[in-house]
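Working through the structure, step by step
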Amino acid sequence: MTTTTRSQCPVCGESLIREEVGTWIKLRCPACGYEQEAHWVPSPEELGLVRDDVDVEVTAVWKSGRPSVAEVQALRKVVPDLANESVNVLKERVSKGERFSLGKMKRPAAKRLREKAEQLGLTLEYEEPAQ
Ligand SMILES: [Zn+2]
């Protein structure tokens, strides 16, 4: 198949309609019904499979510069190691800076943790290791 974005129907010359379903691309002619299908192989980047074994450093970032009670509670929920700490003790402990390091973990784990934290109103960031 061609790499042009605007493909013409080889039968009637009408512009083909491009439909993508997952990794399938179907070019369909609205005039005569001609169809062409192609399969593309996503790159590792597109699949999110690149260097997933690397460790990234995860930090909690306080929205106001100081941890709120809600953020500390969210932190306890997403980090099992902190679940047993009282909110007050933990708040005191994490109040020393604008961010609090959760340590290093594999990128997929960091991503899942960030999504979970976001639902609870807590902002997590992770840094890619320097190359
Ligand atoms: Zn056609």
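In short, a report on the structure. Note that this is a predicted model, so its numbers are computed, not measured.

Once that is clear, we can look at the overall build of the protein. The helix and strand inventory of the protein stands at 4 helices and 6 strands. Along the protein, helices (α) and strands (β) appear in the sequence β-β-β-α-β-α-α-β-α-β when read from the amino end. The buried share of the protein, taken over its 131 residues, is 14%. Long-range contacts, defined as pairs at least 24 residues apart, comprise 52% of the intrachain contacts of the protein with a sequence gap of at least 6.

Here we take up the pairing of strand 1 (residues 17-21). Both faces of the sheet carry side chains from a regular strand, because those side chains alternate between them. With respect to burial, strand 1 is a largely exposed element, only 0 of its 5 residues being buried. From the end of strand 1 to the start of strand 2 (residues 24-28), which pair antiparallel, there are 2 residues, and G22 there has a positive phi angle of about 60°.

With antiparallel pairing, the 3 strands of this open sheet are ordered in space as 5-4-6. Among the strands making up the open sheet, the edge pair consists of strand 5 (99-106) and strand 6 (123-127). Direction aside, the axes of adjacent strands within the sheet are offset by 30° on average. As defined by bridge partners, strand 4 (residues 55-61) adjoins strand 6 across 5 bridges and the pair is classed as antiparallel. When the sheet's bridge partners are listed, E57 is paired in strand 6 with E127.

Our focus in this paragraph is helix 4 (residues 107-119). Along its 13 residues, helix 4 runs 19 Å from first to last C-alpha, staying within 8% of the 18 Å computed at 1.5 Å per residue. Phi for G121, located one or two positions after helix 4, is positive at around 85°.

Within the secondary structure, V61 is located in strand 4. For V61, a count of 14 C-beta atoms within 10 Å translates into the label partly exposed. Along the backbone, V61 and E98 are 37 residues apart, and their C-alpha atoms lie at a distance of 6.4 Å.

Formed by 14 residues in total, the largest nonpolar core has its most connected members in A60, L75 and L122. Elements represented by at least two residues in this core include exactly strand 4, helix 2 (69-78), helix 3 (87-94), strand 5 and helix 4. Residue contributions to this core peak at 4 residues, all from helix 2.

To continue, consider the sheet that holds strand 1. In spatial order, the strands read 1-2-3; together these 3 strands make up an open sheet with antiparallel pairing. Of all the strands in the sheet, the pair left with one neighbour each is strand 1 and strand 3 (35-39). The sheet shows a mean angle of 20° between the axes of neighbouring strands, direction not considered. Pairing of strand 2 with strand 3, which is carried by 5 bridges, proceeds in the antiparallel orientation. The residue bridging L27 from the neighbouring strand is Q36, located in strand 3.

Thresholds applied
- Along each chain, residue indices are assigned from 1 in the same order as the chain's sequence is written.
- Local features in this predicted model are restricted to residues whose pLDDT is 70 or higher, and side-chain atom pairs enter the listing and the counts only when it is 80 or higher, whereas totals over whole chains, interfaces and linings include all residues.
- In DSSP terms, a helix is any run of H or I states spanning at least four residues, a strand is any run of E spanning at least two, and both are numbered starting from the N terminus.
- Three exposure classes are used. Buried residues have 20 or more other C-beta atoms within 10 Å of their own C-beta, exposed residues have 12 or fewer, and partly exposed residues fall in between, all C-beta atoms being placed from the backbone.
- Contact between two residues is assigned whenever their backbone-derived C-beta positions fall within 7 Å.
- When DSSP finds two or more bridges between a pair of strands, those strands are recorded as paired.
- Whenever a helix is involved, its axis is fitted only over the stretch in contact; in every case the axis is a line through C-alpha atoms, and angles between N-to-C directions fall within 0 to 180 degrees.
- One less than the number of residues in a helix, times 1.5 Å, gives the span that helix is expected to have.
- Joining buried Ala, Val, Leu, Ile, Met, Phe, Trp, Tyr and Cys residues through C-beta atoms within 7 Å gives a set, and that set is a nonpolar core.

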